[in-house]
Amino acid sequence: MDKGEWQQKGAGHRGRLRDRYLSRGLDGFTDTEILELLLSFGTPRKDCKESARELLARFGTLAKVLEAPAIQLQEVPGVGPKNSFAISFIQAVASRYLQQRIEGKRYLHSSAEVRQYLEHSMRGLKREILSVIYLDSSHAILSSEVVAEGTINVNTVYPRELVQGALTRHAAAIIIAHNHPSGALRPSPQDISLTKNLYLICSYLQIQLLDHFIVGDGVYSFADNGMIDTISRECLKLRETLSRR
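Residues numbered from 1 in each chain as written. Predicted model: local features only at pLDDT ≥ 70, side-chain atom pairs only at ≥ 80, totals over all residues. Heavy atoms only, no water.

Focus: the nonpolar core
Across soluble globular proteins, nonpolar side chains show a tendency to be buried alongside one another. Of all hydrophobic cores here, the largest spans 24 residues; its most connected members are L162, I174, I176 and F222. If you list the elements that add at least two residues to this core, you get β1 (129–135), α8 (159–168), β3 (173–179), α9 (189–204), β4 (208–216) and α10 (227–243). Looking at this core, the element that brings in the most residues is α9, giving 5 residues. Apart from the residues lying within four places of it in its own chain, the contact partners of F222 are P187, D191, I192, T195, D211, H212, I214, M227, I228 and I231. Of all hydrophobic cores here, the second largest spans 18 residues; its members include I102, M122, L135 and V219. (Core = buried A, V, L, I, M, F, W, Y, C linked by side-chain atoms within 4.5 Å. Buried < 20%, exposed > 50% of the residue type's maximum accessible area, 1.4 Å probe, protein only. Helix = DSSP H or I, 4+ residues; strand = E, 2+ residues; numbered from the N terminus. Contact = heavy atoms within 4.5 Å.)

See below:
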């Protein structure tokens, strides 16, 4: 088969993949086929099947391919700057979509979507970040933002900045979330101390801390594991003790 015939065969295969997507969406697509179609946008005249297979073999899952740094993606034969840009861009667009999808919704009715957004935006990051989700008095989600980067603990997170963000937005409640690049899910003593400090400060300002999520190999919820209730009781006792002095 000469080069022209090979390119024509590859174009026909890509065309069939696109037709399948247009008729049925991603139903029935394998992760390899998804990556193959995505890579074809950066290399429209080249067979991308082997590059797609190599990406999955190297990184393990479609999610990990999308989260991989561009320099690591380009180590795979056939994946150049255009391909790595496309993959990175798709990941960023998905995060923006999930973020905007939760805004305006009531948290109690859309907690699964909040978890999905946090997991997508934080999982796989090589550095720690702390995000805050702001809610109104009916627990409708107002907005979210990253308020700290680096080592996240009681000494590096400044409650004043976090509280200022809540006051600026007239938020009545907040949810905080941070990631563990190691993948560990259990909260560290520093995570617990940070949560207690923030809960106590927020309580004085009549701002409710609803939950603290840790994103690693999954998502850990302080509220679902009873820790927010425990912290609430401890902070109430501390406030009562301080008020008697």
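Side note on the layout of surface pockets
Estimates place the volume of the largest pocket at around 470 Å³. If you go around the largest pocket, you meet 24 residues; those closest to its centre are S95, S121, M122, L125 and R127. Looking at the lining of the largest pocket, the elements that each hand over two or more residues are α4 (62–67), α5 (70–73), α6 (81–102), α7 (107–122), β1 and β2 (141–149). (1 Å grid on protein atoms, 1.4 Å probe; cavity = no way out; pocket = protein on both sides within 12 Å on 5 of 7 lines; lining within 4 Å. Points joined across faces, edges and corners; volume = space filled by probe spheres on them.)

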